[in-house]
Amino acid sequence: MAAYVISEIEPQNQALFDRYRALAPAAVAKYQGRYLVRGGTSELIEGGPPPKMLVVIEFPSVALAKAWFDSTDYAEARRIAKDALRRRLIVVEGVPPGYTGLSASPT
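Residues numbered from 1 in each chain as written. Predicted model: local features only at pLDDT ≥ 70, side-chain atom pairs only at ≥ 80, totals over all residues. Heavy atoms only, no water.

**Student:** Looking at this structure, how should I read the pairing of strand S3 (residues 53–59)?
**Tutor:** Along any regular strand the residues' side chains alternate between the sheet's two faces. Counting buried positions over the seven residues of S3 gives five, a clear majority of the element. In this sheet, S3 lies alongside strand S1 (residues 3–11) in antiparallel orientation, the contact comprising seven bridges. Bridge assignment links Glu8 to a residue of S3, and that residue is Leu54. The pairing of strand S2 (residues 34–38) with S3 spans four bridges and is classified as antiparallel. Each bridged residue has a counterpart across the sheet, and for Arg38 the counterpart in S3 is Val55. (Buried < 20%, exposed > 50% of the residue type's maximum accessible area, 1.4 Å probe, protein only. Helix = DSSP H or I, 4+ residues; strand = E, 2+ residues; numbered from the N terminus. Pairing = 2+ DSSP bridges.)

In structure tokens form, the structure reads like this:
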């Protein structure tokens, strides 16, 4: 089942952030990840506080998403991220194929 890595990002050092953005995609692709959102314009329509920069990456499974995050392929980008940005990083399991939302539960 698909999984989604959702990042709320606040860049802290633009040069390091640019380096991070250059490194991360290769590791994401190696673990079959696909960017769905990568910092585009966002608009708060309910609640608060206003969103920071958002990134959403789809992976085939939670296991692959976690493997990507813990991989040596992502290690340099992850190290740079510590000084480049502040972020909240969440992995969430998607709903099964064919789920319509008509039942009480996605399982």
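This is not the end of the story, as more comes after the structure.
**Student:** Can you help me understand the pattern of salt bridges in this one?
**Tutor:** If charged atoms from side chains of opposite charge come close, those side chains can pair. For the structure on display, the rule yields seven salt bridges. Between Glu10 and Arg86 there is a salt bridge, with its nearest N and O atoms 3.3 Å apart. Taken together, the residues Glu10 in strand S1 and Arg86 in strand S4 (residues 85–93) connect sequence positions 76 residues apart. As a salt-bridge pair, Lys30 and Asp73 come within 3.1 Å of each other at their nearest N and O atoms. (Salt bridge = Lys/Arg side-chain N within 4 Å of Asp/Glu carboxyl O.)

**Student:** Looking at this model, I keep getting lost on the environment of Pro11. Mind explaining?
**Tutor:** Tracing the chain through its elements places Pro11 in strand S1. Placed 53 residues apart in sequence, Pro11 and Leu64 show a C-alpha to C-alpha distance of 26 Å. Aside from chain neighbours lying at most four places away, what touches Pro11 is Phe17, Met53, Ala84 and Leu85. (Contact = heavy atoms within 4.5 Å.)

**Student:** Can you help me understand the side chain of Ser7 in this one?
**Tutor:** Tracing the chain through its elements places Ser7 in strand S1. Owing to a relative accessible area of 4%, Ser7 belongs among the buried residues under this scheme. If we skip the residues at most four places from it in the chain, Ser7 touches Met53, Leu54, Val55, Arg88 and Leu89.

**Student:** Would you mind showing me how to read the sheet that holds S2 here?
**Tutor:** Within a sheet, each strand pairs with its neighbour through backbone hydrogen bonds, oriented either parallel or antiparallel. Strand order across the open sheet formed by four strands is S2-S3-S1-S4, with antiparallel pairing between neighbours. In this open sheet, the two edge strands, each paired with only one partner strand, are S2 and S4. Neighbouring strand axes in the sheet, compared pairwise and without regard to direction, differ in orientation by 15° on average. In the packing of helix H2 (residues 62–70) onto the sheet, contacts are made with S1, S3 and S4, and the angle to S4 comes to roughly 155°. Contacts between helix H3 (residues 72–84) and the sheet are confined to S1 and S4, with S4 contributing the most and set at about 130° to the helix. (Axes fitted to C-alpha atoms, helices over the stretch in contact; angles between N-to-C directions.)

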